[in-house]
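Structural features, examined
Residue strings, one per chain:
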Amino acid sequence: NYMTLPRGTTTQSNRGRGLHNTGYSGGEYNSIVYVNIQSMGNSIDFGDMTENVYSNVGGGNGIRGIFAGGYSGNNSPDTDLNIIDYVTFATTGNATTFGDTNNNIRYPAAVSNSTRMLICGGGAPRINTIEYITIATTSNATDWGDLIGSDNGKRGSFCNSVMSPTRGIVCGGNDSTGAQVKNMTYMTIATLGSATDFGDLLTDANGSSGGNCSSNIRGVIQLGMTSPNRVNTLEYVTIASTGDAKDFGDLTQAKNATSPCSNSTRGVFFGGGLAPNGTTTNTIDAVTIATTGNAYDFGDIVQVWGGGNTGTQLGSATSDSHGGIA
């Protein structure tokens, strides 16, 4: 018998932190909370964004978490934002300004690997632009190319996204008429150009998600809304191939506008909207990405912001060990 010691640095061995920008909870707030994905439990206060914001998107690598775009009703007039903030996963503290996107965008999608983050679509009206940043630097976003799909690709709004270290996939969403679509398109993250058709979701849907839930191999997609109803349906794709999505299982509740992230083994879904009247939940669901099956309870989002509503929706999430990180 013999023992093999762990490999890698201390920073690598401590990975598994998921961040959630709380988004909308009876108003928009700038709070960031975190969980330890491998252990389960309630959220813990991390720090604050540079602005009160919701409907933004999260990404990053093993060191930095990035939050981009969003919407603020606290400005006059209400406005879409072009801000990019960043935090350092291993510490707790407030976000720092990274740079700006080229467009003011709400509800974008994003994919990232260890080097680069792509910010896809979004806006009101919808746009099909893909921009990118180099995560280790601070600077404004640069044009990458365009989405494709229904309505000339102008469907980046309300999309889900999943990724491996080489490929990112944008799933579903709304086109410029507001119609839900089931197109999925993929990008090779390290290149520049236009997205390529991947396949279709089983159902037209918009997830309203500000994050992703994937391992290096498989992406789990929350459908959220299949007009006109919220659903609890989860589907999955094998990222290295192309083809239509398959049934994965169900969330614990029918809800949209959750904020998912993962540690490549387990995916978590923060909060969500339950009904058209604005009812939200503070529950965190979890799934085991390598299997198929229903979600299970992970813990709760513990309120650290000033609203009277304990639930949250339309936030964003990211982690230091998602599917885009080898």
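Scroll up to find the structure.
1. Here we look at the pattern of salt bridges
Counted by the stated rule, this structure contains two salt bridges. The partner of Arg106 in a salt bridge is Asp80, and the shortest N-O contact between them spans 2.6 Å. Taken together, the positions of Arg106 in the loop between β9 (96-100) and β10 (109-112) and Asp80 in strand β7 (residues 79-80) put the pair 26 residues apart, joining distant regions of the chain. In this structure Arg106 comes out as partly exposed when scored by relative accessible area, which is 22%. Here Asp285 and Lys255 are joined by a salt bridge, their closest N and O atoms 3.4 Å apart. Of this pair, Asp285 sits in strand β25 (residues 283-288) while Lys255 is found in the loop between β22 (246-250) and β23 (259-262), placing the two residues 30 residues apart along the sequence.

2. A few points about the packing of aromatic side chains
What the rule picks out here adds up to seven aromatic pairs. Judged by centre distance (5.5 Å) and plane angle (80°), the rings of Tyr54 and Tyr71 are edge-to-face. On the criterion of sequence distance, the pair formed by Tyr54 in the loop between β3 (44-48) and β4 (57-60) and Tyr71 in strand β6 (residues 71-72) is long-range, its members being 17 residues apart. Under the relative-accessibility criterion, Tyr54 is labelled buried at 12%. The ring of Tyr34 carries Arg17 above its face, with NZ or CZ at 4.1 Å from the centroid. Residue placement shows Arg218 over the ring face of Tyr236; its charged tip is 4.0 Å from the ring centre.

3. A look at empty space enclosed by the protein
What the rule picks out here adds up to one cavity of 30 Å³ or more. Considered as a void within the structure, the largest cavity measures approximately 40 Å³ in volume. Taken together, Asn160, Ser161, Val162, Gly211, Asn212, Cys213, Val220, Ile221, Gln222 and Pro260 form the lining of the largest cavity. Of all the secondary-structure elements, those providing two or more residues to the lining of the largest cavity are β14 (160-163) and β18 (218-222). Here the lining of the largest cavity is built from residues that sort into five nonpolar, five polar and no charged.

Rules behind the numbers
- Residues numbered from 1 in each chain as written.
- Predicted model: local features only at pLDDT ≥ 70, side-chain atom pairs only at ≥ 80, totals over all residues.
- Heavy atoms only, no water.
- Salt bridge = Lys/Arg side-chain N within 4 Å of Asp/Glu carboxyl O.
- Helix = DSSP H or I, 4+ residues; strand = E, 2+ residues; numbered from the N terminus.
- Buried < 20%, exposed > 50% of the residue type's maximum accessible area, 1.4 Å probe, protein only.
- Phe/Tyr/Trp six-rings, centres within 6.5 Å; stacked < 30°, edge-to-face > 60°.
- Lys NZ or Arg CZ within 6 Å of the ring centre and 35° of its normal.
- 1 Å grid on protein atoms, 1.4 Å probe; cavity = no way out; pocket = protein on both sides within 12 Å on 5 of 7 lines; lining within 4 Å.
- Points joined across faces, edges and corners; volume = space filled by probe spheres on them.
- Nonpolar A, V, L, I, M, F, W, Y, C, P; charged D, E, K, R; others polar.

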